[in-house]
Every structure is written in C-alpha cells, then in structure tokens.
Amino acid sequence: MASRLTQQNRAGWLMAGPAFLLIAAFLIIPFFMAIGFSFTNQRLVSPNPTEWVGTANYERLFGIAVLTLEAERDDDGTVRTKDGKPVFPSLRTYTRNKDGYPEFYRKREWFSFGRGDDRRTFVLATDVVFLKAVRNTLFFVVVVAPLQAAAALGLALLINRRIRGINIFRTIYFMPVVISMVVVSMLWRFIYDGQNGLLNTMLDLLTFGWFEPVDWLGQTSTALPSIMAMSIWQSVGFHMIIWLSGLQTIPESLYEAARIEGASRWQTFRHVTWPGLRNTAILVMIIITMQAFTLYPQVAVMTGGGPLDSTQSIVFQMVERGYGRQDISGGSTISVFLFLFVLSISLLQRWLTREK
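Residues numbered from 1 in each chain as written. Predicted model: local features only at pLDDT ≥ 70, side-chain atom pairs only at ≥ 80, totals over all residues. Heavy atoms only, no water.

1. Let's talk about unusual backbone geometry
Backbone torsion omega between Gly306 and Pro307 reads -10 degrees, so that peptide bond is classified as cis. Tracing the chain through its elements places Pro307 in the loop between helix H12 (297-302) and helix H13 (314-324). Even without glycine at this site, Leu308 takes up a positive phi of about 55 degrees. When you line up the elements, Leu308 lands in the loop between H12 and H13. For Asp309, which is not glycine, the phi dihedral falls at a positive 60 degrees. Within the secondary structure layout, Asp309 lies in the loop between H12 and H13. (Helix = DSSP H or I, 4+ residues; strand = E, 2+ residues; numbered from the N terminus.)

Listed below in structure tokens is the structure:
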C-alpha cells in the first residue's frame, strides 16, 4: 500500500514538475528578484556596477513635502498681477536650494490650494508623475469596479430567462471579452477620434449638427473617462457570466415562495436574489478590483499616458521605467508597491465581506 502511494506521488510530481518549473522561472523567482532590485540602483544596461541603495527608491517615489507661502507685499499691501491675483515667491527659491531648504530640494509642485487671499499651500513631491499615476489608478478602480459590477449584474438578470434565442444574446454580450484588449483599444481609438471618429459623427447626427466635435483622448477632462467607458464595455460580459452562474445556483423554490407571499420584484431581488449572490458578489468585486489595478494596455495604445499625464497608471509607469528608461530598480520598486497595495485592498475587501 505504501509503495503504491509512493508511486502515485512520484507520478504526480513528474506530471506537475514542468508546470511548476515554468511558474518558478517566470513568476516566483522574478518576484523575489524584483524585491531585491528595489533596494539597488540596478539598470537594464549600464557600465556601472550595481550598488545597494537601501530605501532610496521608495523615498524617491513617496517623497512629499508641504510648503505654505505668503503673498509678496510692498508699501501698498499685497502685490497682485494684472488679473488681481496675489503674487507668491517663486518655488525655485526653495526647490533649488539644497543647503537652505533640504526638505524641498528637487521637488516639484503636485498641487496647491489657497488658505485665504494671501496664503497658499503647495504640496511638493519628488516623483509627481508616479503620484499622478497612483491617483489615476485609484480613481479608475473606484469608478469602474462598482459600475462594471452593476452593469454585469443587470445583464445577468436580463439573460437569466428560459426563452427561445436567449443564448444568442449571451453570446453577443460575451463577444468583447474574447477580443484582445490591444485590438479593442485600437478600435476605440478610432471611435474616439477628435475629427472623424464614430462617436463624434453619431452625436453630430443625433443633434442635427449642433454638436461640436470633441477630442476625447486629447483633453485632460475626457481622456481617462473615455478609457473607463471602453474598459467597462470590454469586460462586462466576463463578469456577467459569473453573476449568471451565481443566479442559477439559487433554488427556484425560493422564488415560488416569494410569489406565493405576494412579493414584488424589488422585494424578491432584495430578500431572495441578493442574499443568494453574496459569495458571487465577493468574487466579482475582487476580480474587477484586480483587473482594474492592472490598467496598462488601454493607456499604452490609446494615450501613452497623456495628455499631461492625465491617464498615467501604476502599471504603465512600472513598464515605462523598467523597460522604456531601462531603470530596473525603479520599475521593481513600483511593482513591489503595487503588489503590497493590491494585497492590502484584497484583504480589506475580504474582511469587510466576511461572515458575520
């Protein structure tokens, strides 16, 4: 008996061995290498030897300082421009003076806000582009995750019916999922074109010529929302299938009991459908969150991070620095941060949705 179990274990390991070696070579080992590189100045191609720099890469990514300035004054009071705005001292006085203001040295303005008419607070950062990428990614996740989950649930409820031809609609809704995101991004780039794009053409026809063309991907106010809309459309079919599988596990007897009790559609959804979808909802939200944090191909194909860094994402910055700038240490630092951040979000989601 023992020899038979030993032979079975050996056979199992032999069959799983190639897959395990591939996982180790392309996932496990690179993961630990990225952690090690994040504490060095490693570059992809460099004549200089690799040196240990400790937490310098992390300090550079998250180096933030707050500077409050008072408006310049003269004998007549606060100095103002022709537009009536108060004039503040130049930030270069603080960000270029290493000896006098070391805490502000080589930092750039991230954003600022007024404190009264003659005081303004500037938030300075060593790596402004990365912080913009973090902000854009968080905004993308916060907007896309609930909207995509809700849209997918709505589609699942619509197609969870036993009528002729329903499989055709299921196939149509799922079709965008099987198309590569790169291909979808290229198609939607033409749809969003500011001159002859399909979206502008349709809006022009619907408004009988009153609509003025919009450069959807060329304006900071519309670039990221445009990518969000495309991303929701492309992936909603996948999550629809997950919701649908959850709906089909709810016993029909519960719906029959609800109908006998005279429950309305909303009451049936609230007290029967939604409680039965609890575990499915947890799975869907975790999957959508993971996918949203890996925002990259849409940005790379459609905007390249622009305009004015309004569509930068964490993964785009990671790839751009690691391979575009050949800064392996910088890219590794961002990847380690992304791993820890997404892990924290996942654990928080799981804790919030735990069994009471």
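There is more to say after this.
2. A closer look at the packing of aromatic side chains
Under the criterion given, the structure shown has 20 aromatic pairs. With 5.6 Å between their ring centres and 80 degrees between their planes, Phe62 and Phe130 make a pair best called edge-to-face. Here Phe130 lies in helix H4 (residues 128-159) and Phe62 lies in the loop between helix H2 (56-61) and strand E1 (64-70), a separation of 68 residues in the sequence. By relative accessible area, Phe62 is classed as partly exposed at 35%. Residue classification places Phe130 among the buried residues on the basis of a relative accessible area of 0%. Aromatic pair Tyr296 and Phe316: ring centres 6.0 Å apart, planes at 35 degrees, arrangement tilted. Of the two residues, Tyr296 is situated in the loop between helix H11 (278-293) and H12 and Phe316 in helix H13; the sequence distance between them amounts to 20 residues. By relative accessible area, which is 27% here, Tyr296 ends up partly exposed. Classification of Phe316 as buried rests on a relative accessible area of 9%. Ring pairing ties together the aromatic residues Phe62, Phe130, Phe293, Phe337 and Phe341, which thus form one cluster. Directly above the aromatic system of Phe190 lies the positively charged group of Arg189, at a separation of 5.8 Å from the ring centroid. (Phe/Tyr/Trp six-rings, centres within 6.5 Å; stacked < 30°, edge-to-face > 60°. Buried < 20%, exposed > 50% of the residue type's maximum accessible area, 1.4 Å probe, protein only. Lys NZ or Arg CZ within 6 Å of the ring centre and 35° of its normal.)

3. Points about the domain arrangement of the protein chain
Partitioning the protein chain into structural domains gives domain 1 (64-125) and domain 2 (129-325). Placing a centre on the C-alpha atoms of domain 1 and another on those of domain 2 gives a separation of 41 Å. When domain 1 packs against domain 2, close to 300 Å² is buried across both sides, 72% of that on carbon and sulfur atoms. Counting across the interface, domain 1 meets domain 2 through zero salt bridges. The interface formed by domain 1 and domain 2 holds zero residue pairs in polar contact (both at pLDDT 80 or more) in total. Residue composition of the side of domain 1 that touches domain 2, by class: three nonpolar, no polar and one charged. (Domains from an automatic or database assignment. Buried area = accessible area lost by both parts, 1.4 Å probe. Salt bridge = Lys/Arg side-chain N within 4 Å of Asp/Glu carboxyl O. Polar contact = N/O pair within 3.5 Å; in protein donor to acceptor, adjacent residues only side chain to side chain. Nonpolar A, V, L, I, M, F, W, Y, C, P; charged D, E, K, R; others polar.)

4. Quick look at the sheet that holds strand E4 (residues 108-114)
Read across the open sheet, the three strands follow the order E1-E5-E4; overall the sheet is antiparallel. For this open sheet the edge positions go to E1 and E4, each flanked by a neighbour on one side alone. Neighbour-to-neighbour, the strand axes of the sheet open up by a mean angle of 25 degrees, direction not taken into account. Against the sheet, H4 makes contact with E1, E4 and strand E5 (119-125), and its axis sits at roughly 60 degrees relative to E4, the strand it touches most. (Pairing = 2+ DSSP bridges. Axes fitted to C-alpha atoms, helices over the stretch in contact; angles between N-to-C directions. Contact = heavy atoms within 4.5 Å.)

5. Overview of the packing of H4 against H11
Running from N to C, H4 and H11 cross one another at 145 degrees; their axes reach a closest spacing of 9 Å. In this structure, H4 meets H11 at a crossing whose hand is right-handed. Here Thr137, Leu138, Phe140, Val141, Ala145, Gln148 and Ala149 of H4 come into contact with H11, specifically with Val284, Met285, Ile288, Thr289, Gln291, Ala292 and Phe293. Split by residue class, the contact of H4 with H11 holds ten nonpolar, four polar and no charged. (Left-handed = near helix turned anticlockwise from the far one by under 90°.)

6. A word on helix H6 (residues 181-191)
Side chains of residues three or four places apart in an α-helix project in the same direction, reflecting 3.6 residues per turn. Every buried residue of H6 is listed here: Met181, Val184, Ser185 and Trp188. Projected down its long axis, H6 carries its buried residues within an arc of 100 degrees, all on one side. Considering only its buried residues, H6 is in contact with helix H5 (166-178), helix H8 (223-247) and H12. (Arc of directions from axis to C-beta.)

7. As for the side chain of Thr222
By the element assignment, Thr222 lies in the loop between helix H7 (198-206) and H8. Beyond its immediate stretch of four places on either side in the chain, Thr222 contacts Asp215 and Trp216.

8. Examining the pattern of salt bridges
One pass over the structure, following the stated rule, counts two salt bridges. One salt bridge connects Arg321 with Asp127, and the closest N-O pair in it is separated by 2.5 Å. Separated by 194 residues along the polypeptide, Arg321 in helix H13 and Asp127 in the loop between E5 and H4 bring together distant segments of the chain. Considered together, Arg321 and Asp127 belong to a single accessibility category, that of buried residues. One salt bridge connects Glu252 with Arg259, and the closest N-O pair in it is separated by 3.5 Å. A relative accessible area of 45% means that Glu252 is categorised as partly exposed.

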